[in-house]
Amino acid sequence: MARKLLRGTVDLHGNPLSVLWEEDRILALGPEIPETEADEVLEVEGTVFPGFIDPHVHLRTPGQEHKETLETGARAAAHGGFTTVVTMPNTDPPLDRPELLRGLYEEARQLPVDVRFAACLSVGRKGRAIPEMPLLAEAGAVAFTDDGSWLEDAHVAYQAYAMAAALNRPVLSHPEDPRWHRGGVAHQGERALKLGLPGIPRESEELAVVRDLALARLTGVRLHLQHISAHTSLPHIRRAVAEGLPVTAEVTPHHLLFTDEALETFDPRFKVNPPIREEADRDALRKLLPETWTVMGTDHAPHTVFEKEFDWLEAPFGLSWLDLAFSALYTHLVRPGLVDLATLVEAMTLRPARLLGLGDRGVLKEGKRADLVVVDLAATWQPTPRNTFSRGKNNPLMGEMLFGVVRLTVAAGEVAYRG
Amino acid sequence: MERIQLSSPHLLGLEGYPREDILAILDTARGFLKVLKQPIPKLPTLRGRTVLNLFFEPSTRTQASFDLAAKRLSADLVNISPKSSSVVKGEHLLDTLRNVEAMRVDAVVVRHRAPGVPHFLARHTRAAVINAGDGAHEHPTQALLDLFTLREHFGDVRGLRVAIVGDVLHSRVARSNIFGLSTLGAEVILVGPPTLVPSEFTRFGNVRVVHRLEDDLLQAVDAVMALRIQKERLEASFFGSLREYHRLYGITRERARRIRGVLMHPGPVNWGVELERGAEEETTTLILDQVTHGVAVRMAILYLLLPPLEG
Ligand SMILES: [Zn+2]
């Protein structure tokens, strides 16, 4: 039985914290654990956190492996300190059959981090009929989602949400009613109007949120509202939480960091759906982070450089995040004092673990899975296409100096990344 | 002719474009208008220079106007209209740009359906980029020729009141005119259905928005600029019918008679929709002047953006 000891590290508050684990379980934590307890010692300087958990990534497999593979996505995750990621089923073919999930889980066994699969909420993501949800759950679906689009038909959605509730799986909803616009590519506001870009109004999200909350009340499903972008959605969600509904709101790094002022650059790396909106939206989302029902999801959406070199109308939506999400959030939210470190870490660990029903992770505690990350918060790095692992280099922060260098990522007791 | 140095090496839009630069272009265009009226309307000024017309979206008129402007100044001219590739929708911009760079052209005149394409090209090329229309964003050369036309007619643009009537929402001509007219001290009154003329436009300049085309307004303004109405807007439910649009916002013969100032249109006209046939005979119309002035203004732009060749 190999016992490993991590030492030289500190906790959130800067106090020395060593971690001892055996196989994939944490045995002990403390300011000083004698080396004699371990067969192997990892001496690393930095702050130790539970491994980050991302409930919203696109690893593009099967069908779009030129954008990302399970392998490159998992390595990017490990590099960014993520030990568990949930990948979306909007692939080609979409993950709406248990056979597909079984095959993917077989492939995923070799990966350095825990890659989990969400299954489709409707057959072929077409929104007309529900798939074999119980069989999909049996095959390992951790959640159900039609991410990329909203399940518009309220009758089908009702059946799907009720089924998910009975299977004790969350529904990850992409709340955007497409009937609110015609080919929108940017936040509908003064800036898009001035620049002649077709807009996506806040209301397209707000009204989808309202419908979904009504279905959560009807069915009792655990409803996770993905990538909330509009401040007008928030009062509805707060009211539902106050009412006691099992609802969580997802915030993404881009909605926390950017505004539609970036449209002025016409740089398609800022093109994302739902769109980055105004300062009022960004600030309201930042204020939401302390709420325990808020979960960080990166919506990691890798695209090739070639695909992002088209004009604003043609370029695909999405940003690549796994390699640099924590560094970006730490640099731009924690260091300037807008969000405290403990809150950010909780939104990236314990809260997503709860959402996904993964009780064995999300905290550093005896008996929990040995998933951890060590970050040197004082060190800086510059993400570039060469030093990042994701195939998607589509992030406007590429080339910027960021604080927070991941020194070590351990997933299920094994070293997944060491810098 | 005196050659003034413009503050930007490109002409991407009139938002924030300096007043002095607009006036420099208009002054220079006046000189070229005289040249155009001479028996041999041609100058050797840009001999050895190459202008590329890069039109991703067809536009016979604007392209012809640039074409003529370049030829009148003795520049060489290349026309490219990239076709959509079969592999991916649209044209890969950097690919196109690398080809442009390889041709060593001095100026690129670009028209594209997406806002921001000229701005993207300008960041990646040494050539002077001239925006000939980027989606619904800007069409600065059209607005400059409109400003020129107003200035020739009225002597000064400052203090003029100009009504722009129609589909402002989808109009790059309207946006560039809002910026240009405001910079030169004119007042802009946008007229059209609330679906096509959102009130947020008041924030972009010295702008008022009204949703009715009243006779009083036709009497009060110095110029009425009618915009082209595209038939697709009807399918997208922006108004009830072309008949309804024509009734409420069309410049009919009767309305034209009430225009105290001048009537303008960027062309091509959708007769029977935004203009009734014959309306142009009922009032002072500058539509054909706009076309002539377009060549002079584009000559001025090419002249001011392209440094003279040594030797
Ligand atoms: Zn989504």
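If you're wondering where the values come from, they're calculated on a predicted model, not measured in any experiment. (Residues numbered from 1 in each chain as written. Chains lettered and ligands numbered in written order. Predicted model: local features only at pLDDT ≥ 70, side-chain atom pairs only at ≥ 80, totals over all residues. Heavy atoms only, no water.)

Chemist: What is the right way to look at the overall build of chain A in this model?
Modeler: Looking only at helices and strands, one finds 13 helices and 17 strands in chain A. Relative to its length of 419 residues, chain A is compact, with a C-alpha radius of gyration of 21 Å against a globular reference of 22 Å. Based on the C-alpha atoms only, the size of chain A along its principal axes is roughly 65 × 45 × 45 Å. When the 419 residues of chain A are sorted by exposure, 63% land in the buried category. On chain A, roughly 15,000 Å² of surface is accessible, and the fraction owed to carbon and sulfur atoms is 50%. Separation between the mean location of the 44 positive side-chain charges and that of the 59 negative ones in chain A comes to 2 Å. (Helix = DSSP H or I, 4+ residues; strand = E, 2+ residues; numbered from the N terminus. Rg over C-alpha atoms; globule rule 2.2 N^0.38 Å. Buried < 20%, exposed > 50% of the residue type's maximum accessible area, 1.4 Å probe, protein only. Areas by Shrake-Rupley, 256 points an atom, 1.4 Å probe, with all protein chains shown as cover. Lys, Arg positive; Asp, Glu negative; His and termini not counted. Charge placed at Lys NZ, Arg CZ, Asp CG, Glu CD.)

Chemist: For this particular structure, what's the right way to read the coordination of the zinc ion?
Modeler: In ideal tetrahedral geometry, four donors around a metal make angles of 109.5 degrees, whereas ideal octahedral geometry with six donors gives angles of 90 or 180 degrees. All names here are of chain A. Coordination of the zinc ion by the protein is provided by Asp147 (OD), His174 (ND1) and His227 (NE2), with metal-donor distances spanning 1.9 to 2.3 Å. Taken in sequence order, the residues that donate to the zinc ion follow the motif D-x26-H-x52-H. Of this pair, Asp147 sits in the loop between β8 (144–145) and α4 (154–166) while His227 sits in the loop between β12 (223–225) and α7 (234–243), placing them 80 residues apart in sequence. Taking the relative accessible area as the measure of exposure, Asp147 reaches 2% and is therefore buried. For His227, a relative accessible area of 2% translates into the label buried. (Donors = N, O, S within 2.8 Å, 3.2 Å for Na, K, Ca; no water.)

Chemist: Sorry, what's going on with the interface of chain B and chain A here?
Modeler: Listed as interface residues are 28 residues of chain B and, on the opposing side, 16 residues of chain A. For the chain B face of the interface with chain A, the top three residues by lost area are B:His92, B:Pro115 and B:Phe204, together amounting to 27%. Taken together, the connections running from chain B to chain A amount to three salt bridges. Between B:Arg203 and A:Glu190 there is a salt bridge whose closest N-O contact spans 2.7 Å. Linking chain B to chain A there are six residue pairs in polar contact (both at pLDDT 80 or more). Sorting the residues of the side of chain B that touches chain A by element identifies α3 (93–103), α4 (117–124) and α6 (172–183) of chain B as the ones contributing at least two each. No other element matches the four residues that α4(B) contributes to the side of chain B that touches chain A. By residue class, the composition of the side of chain B that touches chain A is 13 nonpolar, six polar and nine charged. (Contact = heavy atoms within 4.5 Å. Buried area = accessible area lost by both parts, 1.4 Å probe. Salt bridge = Lys/Arg side-chain N within 4 Å of Asp/Glu carboxyl O. Polar contact = N/O pair within 3.5 Å; in protein donor to acceptor, adjacent residues only side chain to side chain. Nonpolar A, V, L, I, M, F, W, Y, C, P; charged D, E, K, R; others polar.)

Chemist: Can you walk me through the sheet that holds strand β13 (residues 247–251) of chain A in this structure?
Modeler: Strand-to-strand pairing in sheets goes through backbone hydrogen bonds, with the strands running parallel or antiparallel. Here five strands make up an open sheet; going across it, the order is β8-β9-β12-β13-β14 (chain A) and the pairing parallel. Each edge of the open sheet is held by one strand with a lone partner, namely β8 and β14 (294–296) of chain A. (Pairing = 2+ DSSP bridges.)

Chemist: I tried to follow the sheet that holds strand β3 (residues 107–112) of chain B on my own but got confused; where do I start?
Modeler: Residue and element names in this part refer to chain B. Strand order in the open sheet formed by four strands is β2-β1-β3-β4, with parallel pairing between adjacent strands. Whereas interior strands pair on both sides, the edge strands pair on one side only; in this sheet they are β2 (76–80) and β4 (128–134). For this sheet, the mean inter-axis angle between neighbouring strands, taken without regard to orientation, is 15°. Alignment of β3 against β4, held across five bridges, turns out to be parallel. (Axes fitted to C-alpha atoms, helices over the stretch in contact; angles between N-to-C directions.)

Chemist: Looking at this structure, I do not really get the domain arrangement of chain B. What am I missing?
Modeler: By a widely used convention, the size of an interface equals the accessible area lost when the partners come together. Residues and elements named next belong to chain B. Each assigned domain of chain B is listed with its residue range as follows: domain 1 (19–138 + 293–305) and domain 2 (140–291). Measuring from the centre of the C-alpha atoms in domain 1 to the corresponding centre in domain 2 gives 25 Å. Listed per partner, the contact involves 28 residues of domain 1 and 27 residues of domain 2. Together, the buried faces of domain 1 and domain 2 total about 2,300 Å²; carbon and sulfur atoms form 59% of this surface. Sorting the residues of domain 1 by area buried against domain 2 places Leu26, Glu138 and His293 first, and these three jointly supply 29% of that buried surface. Remark: the boundary between domain 1 and domain 2 carries three salt bridges. Between Arg30 and Glu152 there is a salt bridge, and its shortest N-O distance comes to 2.9 Å. Across the domain 1-domain 2 interface, the total number found is 13 residue pairs in polar contact (both at pLDDT 80 or more). Among the elements of the structure, α1 (19–36), α2 (60–72), β3, β4 and α11 (287–305) are those that each provide at least two residues to the side of domain 1 that touches domain 2. Considering each element in turn, the side of domain 1 that touches domain 2 owes the most residues, nine residues, to α1. (Domains from an automatic or database assignment.)

Chemist: Is there a simple way to explain the pairing of strand β8 (residues 223–226) of chain B in this structure?
Modeler: In the case of a regular strand, side chains alternate between the two sheet surfaces. Residues and elements named next belong to chain B. By the alternation rule, side chains of β8 split into Ala223 and Met225 and Val224 and Ala226, which are all buried. Where strand β5 (residues 161–165) meets β8, four bridges bridge the pair, whose relative direction is parallel. Looking at the pairing, Ile164 lines up with Met225 of β8. Judged from the three bridges that link them, β8 and strand β9 (residues 262–264) form a sheet pairing that is parallel. Looking at β9, one finds that Met225 is bridged to Met264.

Chemist: Just checking my understanding: could you explain the nonpolar core for this structure?
Modeler: Across soluble globular proteins, nonpolar side chains show a tendency to be buried alongside one another. A:Val115 and A:Phe326 are the most contacted members of the largest nonpolar core, which has 112 residues in total. Top element by residues in this core is helix α11 (residues 325–334) of chain A. It accounts for seven residues. With near-sequence residues (within four places) excluded, A:Phe326 lies in contact with A:Phe49, A:Phe52, A:Gly80, A:Leu341, A:Leu344, A:Val345, A:Met348, A:Val375 and A:Leu377. Ranked by size, the runner-up nonpolar core spans 94 residues in total, among them B:Val109, B:Leu150, B:Phe204 and B:Leu302. (Core = buried A, V, L, I, M, F, W, Y, C linked by side-chain atoms within 4.5 Å.)

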